[in-house]
Amino acid sequence: MRIGELAATVGVTTRTVRHYHHLGLLPEPERLSNGYRDYTLRHAVVLARIRRLTELGLGLAEVRDVLADDAGKDLVEVLTELDEDLARQEAGIRDRRQRLRALLDAGELPAEGPVSPELAALFAETAPRLAGSPMAARDREVFALMDTVADPAARDRLMSLAGAIAGSPQATARVHEAYALLDALADADLGDPRVAEAARVLADCIPREVFPEGAVDHEDSFLRALYADLAPAQAAAIRRALDIIDGERP
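These numbers come from a predicted model, not from an experiment. (Residues numbered from 1 in each chain as written. Predicted model: local features only at pLDDT ≥ 70, side-chain atom pairs only at ≥ 80, totals over all residues. Heavy atoms only, no water.)

### Description of the confidence of the model for the protein
- Here the protein averages 84 in pLDDT, while 91% of its residues score no lower than 70.
- The secondary-structure element of the protein with the lowest mean pLDDT is helix α6 (residues 117–130), recorded at 77, while helix α2 (residues 14–23) shows the highest, at 95. (pLDDT = per-residue confidence, 0-100. Helix = DSSP H or I, 4+ residues; strand = E, 2+ residues; numbered from the N terminus.)

Right, dumping it as structure tokens:
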């Protein structure tokens, strides 16, 4: 058989056959006097096996291992590992579909989405009261970030604390006041007296459980990135608010 006939018989392309030759998966046939490859039935059998194995999801390196073992004892092990890997992928896909379904069932997605259903519900509850505040919008982005990168325990604690604030009209009003003061500092000097006022109001808004242990580290990479993303007076107010919380620790 010529290479085109072999490829057509097994249902692959001639380019695939040449690629398998290059990788050493398919033995090179003898060549006729005119230089053409002369493929045999054995080549078709091996090529068909390669096709079946790749269609099962094996990588070419795994196919090489299977073909190298004439007794076939490694094939069971390889296929078992493949089955376990596919089972993990299947479980992952089911989990992602469940999360997608929960997001879609929740209705309108927030601009920062996709986020967890818990955070989407919190955004939906607080958005009408905090609309128009650039600092509130920035906080939503930070919450979306923490929703992604925080460990589950820390994320659950943060969502619980934020939910408690959202459920209290008095706490929500205080947060709204803090956002208004911080927004007003966007173009303020560091010496502006409103920095201290904003810090005090903000300190009153932050649940102490947010920083359960140890002193606040202003050189923490997250806080440094947060400060760098703010106007100088806004960053100063937040720094001072955290210092106030630190000073109240027993």
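### Focus on helix α8 (residues 152–166)
- Compared with an ideal rise of 1.5 Å per residue, which puts 15 residues at 21 Å, α8 spans 21 Å between its outermost C-alpha atoms and is within 8% of the ideal.
- Within the sequence span of α8, burial applies to R155, L158, M159, L161, A162 and A166. End-on, the buried residues of α8 take up no more than an arc of 165 degrees, which puts them together on one face. Structural note: α8 exposes A153 and A164 on the side pointing more than 90 degrees away from its buried face.
- On the buried face of α8, the contacting elements are α6, α7 (134–149) and α9 (169–184). (Expected span 1.5 Å × (residues − 1). Buried < 20%, exposed > 50% of the residue type's maximum accessible area, 1.4 Å probe, protein only. Arc of directions from axis to C-beta. Contact = heavy atoms within 4.5 Å.)

### Points about the environment of V10
- With respect to the helices, strands and loops of the structure, V10 is situated in helix α1 (residues 3–10).
- The exposure class of V10 is buried, given its relative accessible area of 9%.
- The spacing of V10 and R99 is 89 residues in sequence and 42 Å in space, taken between C-alpha atoms.
- When residues no more than four places from it in sequence are discounted, the contact partners of V10 are A44, L47, A48 and R51.

### Quick notes on the nonpolar core
- L182, L185, L202, I238 and L242 are the most contacted members of the largest nonpolar core, which has 31 residues in total.
- Broken down by secondary-structure element, the contributors of at least two residues to this core are α7, α9, α10 (194–205), α11 (221–228) and α12 (232–247).
- Element by element, the count of residues in this core is highest for α12, at eight residues.
- Dropping the residues within four chain positions of it, L182 is found in contact with M135, A198, L202, Q234, A237 and I238.
- L6, A7, L58 and V78 belong to the second largest nonpolar core, which has 20 residues in total. (Core = buried A, V, L, I, M, F, W, Y, C linked by side-chain atoms within 4.5 Å.)

### Looking at α2
- Residues of α2 that are buried: V17, Y20 and H21. The arc that holds the buried residues of α2, viewed along the axis, is 105 degrees, so those residues lie on one side. Seen from the open side of α2, the exposed residues pointing more than 90 degrees away from its buried face are R15 and H22.
- Packed against the buried residues of α2 are α1, β2 (37–38), α3 (41–55) and α4 (60–68).

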